[in-house]
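Structural overview for review
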Amino acid sequence: MLQEIAAYFETNHASFQAAVWEHVSISTASLGIALVIGVAGGGLCVVSGRLNTAVQSVFQTLRIVPSLAVLLLLIPVMGTGTKPAVTALVLLAIPPILLNTAAGLRNVPEFMLETAAGMGMTPGQAWLRVRFPLALPMILTGVKIAYVEIV
C-alpha cells in the first residue's frame, strides 16, 4: 500500500501540489475576511447592548449549521467554485472570532480602563492601547478555533 501511495505522488505531484495550494489560499482568504468581520462585529457588540443580543443570537445559530449545508444552499445562488466555498467558510469562521472578541473585550478589568482614563487617554486611545491588547489572547483563541474549523 505504501508503494501505491508513493507511486501516486510520483505521477500526480503537480496536481496534488496545485490542490494543496488552492486549499491553503481559500482557507487563508476565508480567515482574513472572517477576521475583519468578526473583530469589527465583536467590537460593535461590546459598544451596543441592543446589537449585542441580536448579533450574538444570529452567530450562535450559525455555529450549528455545517459548512457543507451552507455550501449546498449557496450553489443555486452563487454556482460552484471558489466564491461559494469562501463564503461558506467565512460564515463558518465568523462565530468563534466574533464571540471570543466580544468576550475578551467585555472581560477587560474596569480598573484598567479607569487607569487609562486617569492617565488622560481618550476613550478611543483606551480601546486601542488598553482594551484590544488585553483582549488579544481571547481574540487569537477565536482565530485559532476558526482556522481549525476552516481547514
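None of the values given here were measured: they were computed from a predicted structure. (Residues numbered from 1 in each chain as written. Predicted model: local features only at pLDDT ≥ 70, side-chain atom pairs only at ≥ 80, totals over all residues. Heavy atoms only, no water.)

Side note on the packing of aromatic side chains
Remark: the centre distance and the inter-plane angle together describe each pair of aromatic rings, the angle taken between the planes. With the rule as written, the count across this model stands at 3 aromatic pairs. On the numbers, 5.6 Å between centres and 75° between planes, the contact of Tyr 8 with Phe 9 is edge-to-face. Assessed through its relative accessible area of 44%, Tyr 8 is described here as partly exposed. Considering the side-chain rings of Phe 9 and Phe 16, the 4.7 Å spacing of their centres and the 75° angle between planes classify their relative orientation as edge-to-face. The exposure class of Phe 9 is partly exposed, given its relative accessible area of 33%. In this structure an aromatic cluster arises from ring pairing among Tyr 8, Phe 9 and Phe 16. Positioned above the aromatic ring of Trp 127 is the side chain of Arg 131, whose terminal nitrogen or guanidinium carbon lies 4.8 Å from the ring centre. (Phe/Tyr/Trp six-rings, centres within 6.5 Å; stacked < 30°, edge-to-face > 60°. Buried < 20%, exposed > 50% of the residue type's maximum accessible area, 1.4 Å probe, protein only. Lys NZ or Arg CZ within 6 Å of the ring centre and 35° of its normal.)

So, the packing of helix α5 (residues 82-106) against helix α7 (residues 123-150)
Relative to each other, α5 and α7 sit at 150°, their axes nearing to 7 Å. Considered as vectors, α5 and α7 are oriented roughly antiparallel to each other. In terms of crossing hand, the pair formed by α5 and α7 is right-handed. Within the contact of α5 with α7, the residues separate by chemical class into 16 nonpolar, 5 polar and 2 charged. (Axes fitted to C-alpha atoms, helices over the stretch in contact; angles between N-to-C directions. Helix = DSSP H or I, 4+ residues; strand = E, 2+ residues; numbered from the N terminus. Parallel < 35°, antiparallel > 145°, perpendicular 65-115°, else oblique. Left-handed = near helix turned anticlockwise from the far one by under 90°. Nonpolar A, V, L, I, M, F, W, Y, C, P; charged D, E, K, R; others polar.)

Brief notes about the side chain of Ser 27
One can find Ser 27 in helix α2 (residues 13-47). Apart from residues lying up to four places away in sequence, Ser 27 is in contact with Tyr 147, Ile 150 and Val 151. (Contact = heavy atoms within 4.5 Å.)

A closer look at a nonpolar patch on the surface
Nonpolar side chains collect at one region of the surface, where Met 1, Leu 2, Ile 5, Tyr 8, Phe 9, Phe 16, Val 20, Trp 21 and Val 24 lie side by side and expose about 980 Å² of accessible area between them. When residues of the nonpolar patch are traced back to their parent elements, those giving at least two are α1 (2-11) and α2. Of note, Leu 2 is situated in helix α1. (Patch = residues over 30% accessible without salt bridge, like charges linked within 9 Å, V, L, I, M, F, W, Y side chains within 5 Å. Areas by Shrake-Rupley, 256 points an atom, 1.4 Å probe, with all protein chains shown as cover. Salt bridge = Lys/Arg side-chain N within 4 Å of Asp/Glu carboxyl O.)

Brief notes about the environment of Thr 87
Mapped onto the elements of the fold, Thr 87 is located in helix α5. Sequence separation of Thr 87 and Ala 34 is 53 residues, and the distance between their C-alpha atoms is 9.5 Å. Not counting chain neighbours up to four residues away, the residues in contact with Thr 87 comprise Leu 74 and Met 78.

Some thoughts on the confidence of the model for the protein chain
In the predicted model, the protein chain carries a mean pLDDT of 89, and 100% of its residues have values of at least 70. The least confident element of the protein chain is helix α4 (residues 67-78), whose mean pLDDT is 79; the most confident is α7, at 93. (pLDDT = per-residue confidence, 0-100.)

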